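For reference, the chains in residue letters:
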Amino acid sequence: MKVVVDGADRLRHRFFLLELEAQQCGKFESIEELGAKVGAALNALQETGLFEKVEGSLVVPPSYDEHSKELGGDLRNVEVHLKVKEKGIPFIEMGTYVQSKLGTAKAAEESFKLDAALRSPLGFGEMAKISLSTGRRGTRDVSFNLSLPHVGKGLNILNLKGALMEEDKTYYQSFRLESTSLLAELVSRSGKHTFEASWTGRDEVPRALECKSTTPTLLERTAKDASGYIMSAVSASTKLAFKYTGVLLDTRDSSADPTQGSYASTTTELCLPPGTTKFVKSELTLQKHATLGPPVLEQVGLVGSLVGNLGVIMPLGILGFLRGTNKTIHRDTQGPVVAEPGLHVPLSDRFTVGGPMNLRGFDMHGIGPRSFGGRERYLTPGGYQVNPDQAIGNPPVGDSIGGVGMATASAILSVPVPIPSETRKFAGIRAFSFASLGVIASPASWAKFFNSSGSGSASSVAESWCVPRVAVGGGFSVAFAPTARLEMTYSVPMLKSAHDASRGFQIGLGITIN
């Protein structure tokens with residue numbers, strides 16, 4: 001098979017050969033099969049972002065018998081002709097997007113991003129990019145990323161990245177996370193599998209006390225507005241991590257508004273010495289969707305969905321040979337956070353549960369253990385509600401301290417909004433009802449496991465899981481695209497703790513149903 005490319009002034013000929021090879025264009029039994037494969041290659045080329053226009057055609061020379069009689073097309077000498085128009089090398093773009101990592105049970109964050117990049121200056125399809133982003137919940141990120149296509153036999157994508165990030169957690173956990181990281185990421189061509197190796201230096205900085213004085217004293221300038229637990233648990237740490245994220249199964253017709261199919265994904269992260277953070281963390285997401293009723297106004301009718309997330313963190317110190325001395329640097333010497341060195345999991349790595357796209361009916365970080373020590377002035381006497389007379393800025397309702405395990409589950413029934421429209425303006429808008437459940441495991445679970453019955457017992461870990469929180473409610477969802485979902489819900493918590501942060505009306509934006 002011969003490949004002819006017209007308009008490729010910068011990109012090398014091998015780049016196009018590899019894109020056709022990725023679609024197995026060299027293996028075909030008929031011209032129709034080859035045409036379908038070349039069409040897939042054209043779509044892949046267009047999605048690289050390197051071209052303004054990509055077109056293709058097939059030229060099949062005639063074949064003849066020994067008497068020079070034409071027999072038809074000669075598939076052995078078929079030619080693929082590509083006509084492309086390359087985009088310029090430098091470019092700047094900006095926009096809003098939903099930031100979420102595949103496989104995580106945490107809610108997505110709406111972010112604004114500005115990119116300045118170079119498109120394939122060397123002609124290999126590489127992309128060099130400097131990015132600035134800021135999230136609605138306080139995440140700020142400055143990064144440099146070099147992306148290289150066609151790596152290895154699988155023609156994977158290799159991303160090399162350096163980043164400075166600040167994640168503001170001061171409303172829910174009264175500290176902010178500052179980190180510097182170097183990362184190498186190998187992404188499969190299908191995008192379903194990602195292997196990542198990273199080195200990160202991190203610092204968890206307690207929230208500063210807001211002072212209204214124009215001439216603050218030294219104490220006022222250095223005082224911290226964080227609970228006693230946060231002050232004792234925040235730490236500076238280093239993290240050498242190896243992470244796999246993969247989609248194990250995906251037969252859904254849409255990720256944002258599925259009406260049928262199944263989905264399973266997993267994320268596993270292993271943190272090893274010489275980093276001071278040592279644990280293995282794993283998450284599993286499962287979904288099942290089925291159409292239960294006939295179409296309504298030419299739209300899919302009643303749809304039932306079951307969605308679940310499960311996550312566990314196990315510190316490697318529980319294995320004994322990696323216990324040693326806990327090298328995590330604490331800001332405070334009031335005592336260890338857990339009873340045994342090597343079992344501490346940093347605040348930034350723990351699970352939190354709550355939010356409109358995670359556990360409806362509860363605020364972000366809304367359930368599980370909380371710390372109020374040292375912050376009682378924010379609360380009404382004898383209760384867990386915020387005292388408006390003592391509010392400064394955005395007062396928290398207690399510090400969520402997270403957990404080393406979590407599980408959430410939701411049962412959802414949805415129907416299309418029954419409003420006829422010739423222009424189908426209401427297509428994609430669905431009304432739904434739900435019941436959601438969530439639990440979280442105490443950060444001290446592994447210490448209890450180690451310290452009970454000599455070598456530990458399963459019952460001690462089971463006791464560390466909180467009482468399940470349950471909420472029911474309903475709302476509306478809108479699918480803007482196959483990977484963008486907006487929800488407006490009202491929930492009524494049926495089971496909750498007195499110190500949980502519940503919330504009735506919620507608006508959530510994410511990349512999938514949850």
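Because the structure is predicted, anything quoted here is derived from the model rather than measured. (Residues numbered from 1 in each chain as written. Predicted model: local features only at pLDDT ≥ 70, side-chain atom pairs only at ≥ 80, totals over all residues. Heavy atoms only, no water.)

Peer 1: I tried to follow a nonpolar patch on the surface on my own but got confused; where do I start?
Peer 2: On the surface, a nonpolar cluster with roughly 870 Å² of combined accessible area is contributed by Val-472, Phe-476, Met-488, Tyr-490, Val-492, Met-494, Leu-495, Phe-505 and Ile-507. Counting only elements with at least two residues in the nonpolar patch, the list comes to β22 (469-481), β23 (484-495) and β24 (505-510). The greatest single-element share of the nonpolar patch, amounting to 5 residues, is contributed by β23. Locating Met-494 in the fold gives a position in strand β23. (Patch = residues over 30% accessible without salt bridge, like charges linked within 9 Å, V, L, I, M, F, W, Y side chains within 5 Å. Areas by Shrake-Rupley, 256 points an atom, 1.4 Å probe, with all protein chains shown as cover. Salt bridge = Lys/Arg side-chain N within 4 Å of Asp/Glu carboxyl O. Helix = DSSP H or I, 4+ residues; strand = E, 2+ residues; numbered from the N terminus.)

Peer 1: What is the right way to read the pairing of β24 from this model?
Peer 2: In the case of a regular strand, side chains alternate between the two sheet surfaces. Residues Gln-506, Gly-508 and Gly-510 line the buried face of β24, whereas the alternating positions Phe-505, Ile-507 and Leu-509 sit on a face that is not buried. By the bridge criterion, 6 bridges tie β23 to β24 in an arrangement that is antiparallel. Within β24, the residue paired with Thr-489 across the bridge is Gln-506. (Buried < 20%, exposed > 50% of the residue type's maximum accessible area, 1.4 Å probe, protein only. Pairing = 2+ DSSP bridges.)

Peer 1: Mind showing me how you'd approach the sheet that holds strand β1 (residues 2-6) here?
Peer 2: Hydrogen bonds between backbone atoms are what pair the strands of a sheet, whose relative direction is either parallel or antiparallel. Taken together, 3 strands build an open sheet; the order of strands is β1-β5-β2 and the sheet is mixed. The sheet terminates laterally at β1 and β2 (51-59), the two strands that pair on one side only. Each adjacent strand pair in this sheet contributes to an overall mean axis angle of 20 degrees, direction not counted. Against the sheet, helix α1 (residues 13-22) touches β1, β2 and β5 (79-86), its axis set at about 125 degrees to β1. Each of β2 and β5 is contacted by helix α2 (residues 31-47), which is oriented at about 170 degrees to β2, the strand it contacts most. (Axes fitted to C-alpha atoms, helices over the stretch in contact; angles between N-to-C directions. Contact = heavy atoms within 4.5 Å.)

Peer 1: In this structure, what is going on with the environment of Ser-30? I would like to understand it.
Peer 2: By the element assignment, Ser-30 lies in the loop between α1 and α2. Taking the C-alpha atoms as reference points, Ser-30 and Leu-75, 45 residues apart in sequence, are found 7.7 Å from one another.

Peer 1: Looking at this structure, how should I read α1?
Peer 2: Every α-helix carries 3.6 residues per turn, so stepping three or four residues along brings you back to the same face. Those residues of α1 that fall on the buried side of the exposure criterion are Phe-15, Phe-16, Leu-18, Glu-19 and Leu-20. Turning to α1, the residues buried within the fold contact β1, α2, β2, β5 and β9 (139-151). Directly after α1, the chain includes Gln-24, whose backbone phi takes a positive value near 55 degrees.

Peer 1: For this particular structure, what's the right way to read empty space enclosed by the protein?
Peer 2: If a probe as big as a water molecule is rolled over the atoms, it shows which places are left empty. For the structure shown, the criterion picks out 2 cavities of 30 Å³ or more. Lining the second largest cavity are Asp-257, Pro-258, Val-303, Ser-305, Ile-412, Ser-414, Arg-430, Ser-477, Arg-485 and Ile-513. Those elements giving two or more residues to the lining of the second largest cavity turn out to be β16 (303-315) and β20 (405-416). Considered class by class, the residues forming the lining of the second largest cavity number 4 nonpolar, 3 polar and 3 charged. (1 Å grid on protein atoms, 1.4 Å probe; cavity = no way out; pocket = protein on both sides within 12 Å on 5 of 7 lines; lining within 4 Å. Points joined across faces, edges and corners; volume = space filled by probe spheres on them. Nonpolar A, V, L, I, M, F, W, Y, C, P; charged D, E, K, R; others polar.)

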